[in-house]
Amino acid sequence: ISEDPDPSKETSIFWHIPKSGGTTAKSVAHCLDKATHVASDVFSWEGAWEDGAITSGKWAGDVVFSSMPSHAVMGLFQGTHRKGRMLAMFRHPIDRLISKFYYIQVATWENSYRPDLRGMDIVDWATDVNVDDNHLVNRLAGNLNRKMADEGQLQLAMATVRKYFIVGLMSEMDESIRRFNKVMGIDGSDLGCALGHSNSNSHPKVSCSLSLILVLNDL
């Protein structure tokens, strides 16, 4: 990350963390693509692979979105002159999990759809049902055995983010998109690609009591 960006020789890899603003960022990228053709070939990694664009050797995209960036990197950059530039939008973990709890109750289009959770208390869900177990920390730390993350893994994860990622915050969406555009060499200030709320789901405001915070922090 200490090297200056060079969009002509780089492909931006956006780590799409669920319920952390990734769908909104992707919508903006598609809008910029239509307006400028600078961010041409905005792919999801999975879609590009299924379409044969990767394996055919014809892929020349400028930004790719993936929930599994390590797989994307291994598939895209072996034997090529291009480098990857990692981008990610982060969200407070408690806010992310609260959003996930309400989202999977109504998201009929998702494999994670869980209508049986309607009416369940969110603390009961966090304690007895949710299977998230510091998986973002484990992935960033290279802890592939999915062991319980400890302070050592946390420090490794933080070091990985500092060294490799252009960081955006969902709570600072405008500035995050501006930062991503800067890295990709795009001036989107006058293109009318307004931020919407793609894939958002309104839900009751949750009062984070101490017990809820403790439960979710364990995840």
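Residues numbered from 1 in each chain as written. Predicted model: local features only at pLDDT ≥ 70, side-chain atom pairs only at ≥ 80, totals over all residues. Heavy atoms only, no water.

**A look at the pairing of strand β4 (residues 83-90)**
Here is step 1 of the chain: Across the 8 residues of β4, 6 count as buried, placing the element largely inside the fold.
Here is step 2 of the chain: Two strands pair when backbone bridges link them, and strand β1 (residues 10-15) and β4 are joined in this way by 6 bridges, in the parallel orientation. When the bridges of β4 are listed, Thr-11 appears paired with Gly-84.
Here is step 3 of the chain: Bridge count for β4 against strand β5 (residues 165-169) is 5 bridges, and the pairing is parallel. Across the sheet, the residue bridging to Met-86 is Phe-165, located in β5. (Buried < 20%, exposed > 50% of the residue type's maximum accessible area, 1.4 Å probe, protein only. Helix = DSSP H or I, 4+ residues; strand = E, 2+ residues; numbered from the N terminus. Pairing = 2+ DSSP bridges.)

**Focus: unusual backbone geometry**
When glycine is set aside, most residues are seen to have a negative phi, and most peptide bonds are trans.
Here is step 1 of the chain: Here the phi dihedral of Lys-19 falls at roughly 60°; this positive angle occurs in a residue that is not glycine.
Here is step 2 of the chain: A residue is classified by how much of its surface remains accessible, and Lys-19, at 15% relative accessible area, is buried.

**Some points on helix α4 (residues 93-103)**
Here is step 1 of the chain: Counting buried positions over the 11 residues of α4 gives 8, a clear majority of the element.
Here is step 2 of the chain: Restricting attention to buried positions, one finds in α4 the residues Ile-94, Arg-96, Leu-97, Ile-98, Ser-99, Phe-101, Tyr-102 and Tyr-103.

**Quick notes on the confidence of the model for the chain**
Here is step 1 of the chain: Residues with a pLDDT of 70 or more make up 67% of the chain, whose mean pLDDT is 76.
Here is step 2 of the chain: Taken element by element, the predicted model of the chain shows its lowest mean pLDDT in helix α2 (residues 45-50) (51) and its highest in β5 (94). (pLDDT = per-residue confidence, 0-100.)

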